Amino acid sequence: MTHCASERETGLGLGWAAPDPFTVRFETPRLLIRAWEAADAPALFDAVRQSRERLLPWVDWARDGHRTAGESLAYITGQAAALRDPATFLGVGVGIFDRETDRVLGGTGIHDVRRDTASAETGYWVRADAWGRGIATEATRHVLSWCFRPQADGGLGLRRVRIYCSSANAASRRVIEKLGIRHEVHQRADYFVRDVGVTDRLGWGVLDDEWDTAGHRPR
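Residues numbered from 1 in each chain as written. Predicted model: local features only at pLDDT ≥ 70, side-chain atom pairs only at ≥ 80, totals over all residues. Heavy atoms only, no water.

Asker: For the overall build of the chain, give the residues involved together with the corresponding values.
Answerer: Scanning the chain from terminus to terminus reveals 5 helices and 10 strands. For 219 residues, the compact-globule estimate of 2.2 N^0.38 gives 17 Å, and the C-alpha radius of gyration of the chain, at 17 Å, lies within 12% of that figure. Taken over the C-alpha atoms alone, the chain extends approximately 45 × 40 × 35 Å along its principal axes. Considering only intrachain contacts with a sequence separation of at least 6, the fraction spanning at least 24 residues in the chain is 61%. In the structure as shown, the chain presents an accessible area of about 10700 Å², 51% of it carried by carbon and sulfur atoms. Separation of charge centres in the chain, based on 30 positive and 30 negative side chains, amounts to 4 Å. (Helix = DSSP H or I, 4+ residues; strand = E, 2+ residues; numbered from the N terminus. Rg over C-alpha atoms; globule rule 2.2 N^0.38 Å. Contact = heavy atoms within 4.5 Å. Areas by Shrake-Rupley, 256 points an atom, 1.4 Å probe, with all protein chains shown as cover. Lys, Arg positive; Asp, Glu negative; His and termini not counted. Charge placed at Lys NZ, Arg CZ, Asp CG, Glu CD.)

Set out below in structure tokens:
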């Protein structure tokens, strides 16, 4: 997100490649994190519909996306396509589900994958009636572990993960701070949020050798 306009993916560097075949499914104490499936479309639509006012203005796609179950199905189809071709993989959105009931609790994933630095960005959203339960923090801890685990162990084998948010988004900032990872970026007046205005961009980062993938916490 913060790379300059002159920065280009060179194909050199670390030369990271996505797993092939590429599947996403892992559990946390309370959650199941897995790839979206077509049958999830009505539940995903309902979760966004019930949460739209709480997601805005921070989750911009909640403004114009997932207006019907059909739009949610189209989104799911796009994420499934991202997993089918590891050679062109740039990121994927996956679901956060209640481990016991399979209820949709939100979403996470990775995006802005950079092969030359074996790095990616992650983010999260949680449905409104599940706020305040630590869902985003628990999910993100395990997403980081998934990112850093070797591919032979079901992970992505990445070297670095970054997370950004607006300085005005206090709830998202608290989630990231609970992870205990390094605060790296404070770019003044660099993050425009519709209906809020220009805010500061905050960023955090963590390297693979700084993260305990068994304990899901910083080393």
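Asker: Now, about the packing of aromatic side chains: what can you tell me, with residues and values included?
Answerer: Applying the stated criterion across every chain, the model contains 5 aromatic pairs. For the pair Trp 36 and Phe 97, a centre-to-centre distance of 5.4 Å together with 65° between the ring planes defines the contact as edge-to-face. One end of the pair, Trp 36, is in the loop between strand 2 (31–35) and helix 1 (41–55); the other, Phe 97, is in strand 3 (residues 92–98), and 61 residues separate them in sequence. Here Trp 36 and Phe 97 have matching classes, each one buried. Ring-pair connections join several aromatic residues into one group, and the members of that group are Trp 16, Phe 22 and Phe 89. Here the basic side chain of Arg 34 rests over the ring of Phe 97, its NZ or CZ set 3.8 Å away from the ring centre. (Phe/Tyr/Trp six-rings, centres within 6.5 Å; stacked < 30°, edge-to-face > 60°. Buried < 20%, exposed > 50% of the residue type's maximum accessible area, 1.4 Å probe, protein only. Lys NZ or Arg CZ within 6 Å of the ring centre and 35° of its normal.)

Asker: Talk me through the nonpolar core; I want residue IDs and the actual numbers.
Answerer: Counting 42 residues, the largest nonpolar core has Phe 89 and Trp 146 as its most contacted members. The leading source of residues in this core is helix 4 (residues 135–148), at 8 residues. Once you skip the residues sitting within four places of it in the chain, Trp 146 turns out to touch Phe 22, Val 24, Phe 26, Ile 110, Gly 154, Gly 155 and Leu 156. One finds Ala 41, Val 59, Ile 76 and Trp 125 within the second-largest nonpolar core, a separate group that totals 13 residues. (Core = buried A, V, L, I, M, F, W, Y, C linked by side-chain atoms within 4.5 Å.)

Asker: For the side chain of Arg 63, give the residues involved together with the corresponding values.
Answerer: Relative to the helices and strands, Arg 63 resides in helix 2 (residues 61–64). Taking relative accessible area as the criterion, Arg 63 reaches 12% and is therefore assigned buried. With residues up to four places along the chain from it excluded, the contact list for Arg 63 reads Leu 56, Pro 57, Arg 194 and Asp 195.

Note that all results are geometric; they support no functional claim without further evidence.
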